[in-house]
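Chain residues, written in single-letter form:
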Amino acid sequence: KASVVLLENDRFLFVSDDSKIRVLSCNTKKNHVIVNQITLKDLEEDDFIIIRNERDTKLIAEVADHEILKEEAEYLRSLQEKWKKRLRHNVIKKGAKRVSEILNNRYGMATASPQTVRLWCSEESICPTELPALLQALKYDKNGADHIYQAMKKIQIAHRDAGRIISRKLMNEITADIYEELQQKGSITFESSNFNGASFNIERVVVIDRSKHYVLQSNLMKLYQKDL
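On a predicted model such as this, the values are computed, not experimentally measured, just so you know. (Residues numbered from 1 in each chain as written. Predicted model: local features only at pLDDT ≥ 70, side-chain atom pairs only at ≥ 80, totals over all residues. Heavy atoms only, no water.)

### Quick look at the state of the cysteines
What counts, and what does not: Disulfides are defined as pairs of cysteine sulfur atoms found within 2.5 Å of each other. Three labels apply to residues, based on accessible area from a 1.4 Å probe with only protein chains included: buried if under 20% of the type maximum, exposed if over 50%, partly exposed otherwise in between.
Throughout the structure, instances matching the rule amount to zero disulfides. Sulfur of Cys-121: no disulfide; nearest cysteine sulfur belongs to Cys-127 and is 16 Å away. Looking at Cys-121, the relative accessible area reads 11%, which means it is buried.

The following block contains the structure:
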């Protein structure tokens, strides 16, 4: 479920209730910018949203691996890929709807809708709430399931820390002059020297439509252009 956030220049985003949103503000007294990470409930009109022009998930994973997990990253990611590979095999073989029914009826997994099962197959999902039950369904023994669950918790924490690192580094790069330009234009694009020239858009929020729409997880927090 996602709300539509309308931006300057006839652009818009799909934003879920738990999407991580980076917003930019300026402390005029100290003449420096502030980058905060919020969720949809705290977003307001006239806020400035920072959006990476490529997938933000990939950047967060890279920072988590290189700056937090370090030498553990390769092993933890291999565990992540192994359980997802088992799940994908079942989805390809039986279909997401049938896998969903099995997880619901046989393993009591209330969250396992067909849409959620497909999400668990993607890199967007790290440590689902019912992962221990899912690992049991995927035929891991208790020790193996516990080991993977703890590993996924570690990756999840690393991703959260990586989000804070990215926000801090962006805050150091964006100057008060950029904020002044934003106030005039409503949106700008800048390239980051901290993240290998990654390109970010900063867009003013015009309207927040809080009615809900069903969209694919991969369509969240991506810039779209309205048809004129």
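### A word on the pattern of salt bridges
Operational definition: Salt bridge, as used here, is a side-chain nitrogen of Lys or Arg placed within 4 Å of a carboxyl oxygen of Asp or Glu. In this text, helices come from DSSP runs of H or I with a minimum length of four residues, and strands from runs of E with a minimum of two, each type numbered from the N-terminal end.
Here the structure, examined in full by the defined rule, presents twelve salt bridges. The partner of Glu-81 in a salt bridge is Arg-88, with the nearest N and O atoms 2.8 Å apart. A salt bridge links Lys-142 to Asp-146, with the nearest nitrogen and oxygen atoms 2.8 Å apart. Of the two residues, Lys-142 and Asp-146 are both situated in helix H6 (residues 142-173); the distance of four residues between them amounts to about one turn of the helix. Residue class for Lys-142 comes out exposed when judged on its relative accessible area of 61%.

### Some remarks on the nonpolar core
In plain terms, the rule: Side-chain atoms within 4.5 Å link the members of a nonpolar core, which is a set of buried Ala, Val, Leu, Ile, Met, Phe, Trp, Tyr and Cys residues. Whether two residues touch is decided by their heavy atoms; if any such pair falls within 4.5 Å, the residues are in contact.
Membership of the largest hydrophobic core comes to 54 residues, with the highest contact counts inside it found for Leu-24, Trp-83, Leu-87, Leu-103 and Ile-202. For this core, the element with the most residues is H6, which contributes ten residues. Sequence-distant contacts of Trp-83, that is, excluding residues within four places in its chain, are made with Trp-120, Ile-126, Pro-128, Leu-131, Leu-134, Leu-135, Leu-138, Tyr-140, Ile-148 and Met-152.

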